[in-house]
Amino acid sequence: MIPGMSPKQMKQMERQMKKMGMDMKDLPGVKEVIIRFEDKELVIPDAEVNLMNVMGQETYQITGNAVEVELNGEIEIPDEDIEMVANQAGVTKADAEEALIATKGDLAEAILKLSQ
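Residues numbered from 1 in each chain as written. Predicted model: local features only at pLDDT ≥ 70, side-chain atom pairs only at ≥ 80, totals over all residues. Heavy atoms only, no water.

A. Layout of the sheet that holds strand β2 (residues 32-36). Spatially, β2-β3-β6 is the arrangement adopted by the three strands of the open sheet, whose pairing is antiparallel. In the strand order of this sheet, the two ends are held by β2 and β6 (67-70), each with one partner. Looking at each pair of strands side by side, their axes are set apart by 25° on average, direction ignored. Here five bridges tie β2 to strand β3 (residues 40-45), and the two strands are oriented antiparallel to one another. If you follow Glu32 over to β3, its bridge partner there is Pro45. (Pairing = 2+ DSSP bridges. Helix = DSSP H or I, 4+ residues; strand = E, 2+ residues; numbered from the N terminus. Axes fitted to C-alpha atoms, helices over the stretch in contact; angles between N-to-C directions.)

Written as structure tokens, this is what we have:
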């Protein structure tokens, strides 16, 4: 529902949209929406999301209060991942951790990198 519109206005708008080949519906049950950038995330908790379909092209409308979250440049790598990469590639844990950091935590890529 669009803020400030009465139910009658909403029905009129829906009829006009259908005439133009547009379909709009609410997506129920959305808990949060996250938009990821390279260095930050926009988190919109309790967002209202509408899906609009115009001649096969889907557009999402998100309504809510966004919270900006800065992403830490360093990623945390679990000890289990380090151990698994070290065992699979036959290297030390330090080398495995270095490879995981370089591959941003991608296990398969780290193993391939160390196996070459």
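From this point, things continue past the structure.
B. Structural context of the environment of Leu51. Its place among the elements puts Leu51 in strand β4 (residues 48-54). Between the C-alpha atoms of Leu51 and Asp26, which are 25 residues apart in sequence, the distance is 6.2 Å. The residues contacting Leu51, other than those within four sequence positions of it, are Asp23, Met24, Lys25, Leu27, Glu58, Thr59 and Tyr60. (Contact = heavy atoms within 4.5 Å.)

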